[in-house]
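Residue-level structural notes
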Amino acid sequence: MLRIPRRYAHVVFGVLQSGLTSLIAAGIASLPATSAMVFLGHWAMSWLIAWAAMLPVVLLAAPAIRAVSLRLTREEGELRTGRQA
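All figures in this text were calculated on a predicted structure; none of them were measured in a lab.

1. Some points on the overall build of the protein
Helices and strands together make up the secondary structure of the protein, namely 2 helices and 0 strands. Computed over the C-alpha atoms, the radius of gyration of the protein is 19 Å, more than 25% above the 12 Å expected from 2.2 N^0.38 for a compact globule of 85 residues. Along the longest, intermediate and shortest principal axes, the C-alpha atoms of the protein span 60 × 35 × 20 Å. Split into buried and exposed, the 85 residues of the protein put 12% on the buried side. Taking the intrachain contacts of the protein between residues at least 6 apart in sequence as the baseline, contacts between residues at least 24 apart amount to 49%.

2. Observations regarding helix H2 (residues 36-72)
Helix length check: H2, at 37 residues, gives a terminal C-alpha distance of 44 Å against a target of 54 Å (1.5 Å per residue), a shortfall beyond 12%. When the local axis directions of H2 are compared, the greatest deviation, roughly 45 degrees, occurs at Ala 61, which is followed within four positions by the proline Pro 63.

3. Some words on the environment of Leu 40
In this fold, Leu 40 is placed in helix H2. Note: C-alpha distance between Leu 40 and Arg 71 (31 residues apart in sequence) is 42 Å.

4. With respect to the side chain of Ser 30
Residue placement: Ser 30 occurs in the loop between helix H1 (9-29) and H2. There is a polar contact of 2.6 Å between the side chain of Ser 30 and the side chain of His 42. There is a polar contact of 3.4 Å between the side chain of Ser 30 and the backbone nitrogen of Trp 43. Apart from the residues lying within four places of it in its own chain, the contact partners of Ser 30 are Phe 39, His 42, Trp 43 and Ser 46.

Cut-off values and rules
Residues numbered from 1 in each chain as written. Predicted model: local features only at pLDDT ≥ 70, side-chain atom pairs only at ≥ 80, totals over all residues. Heavy atoms only, no water. Helix = DSSP H or I, 4+ residues; strand = E, 2+ residues; numbered from the N terminus. Rg over C-alpha atoms; globule rule 2.2 N^0.38 Å. Buried < 20%, exposed > 50% of the residue type's maximum accessible area, 1.4 Å probe, protein only. Contact = heavy atoms within 4.5 Å. Expected span 1.5 Å × (residues − 1). Bend = angle between axes of the 7 residues up to and from the residue. Polar contact = N/O pair within 3.5 Å; in protein donor to acceptor, adjacent residues only side chain to side chain.

See below:
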């Protein structure tokens, strides 16, 4: 099995997350296709385009999204004022 150094985990996560998300979204967008072959062709092309567009967005936005999510949430034992219990 391919073992990538842990320091690249954020890149691996971004590739997998953007690939899966764009695969599902492209499939949903391709549902109106008239036949299975048209569906598969449209889905494959849409997925490749969407993945190429979303991968840099995910990799660049992930640190900001993580920072915002940490500011919007709190630890289980933390009071609402932000102080430790």
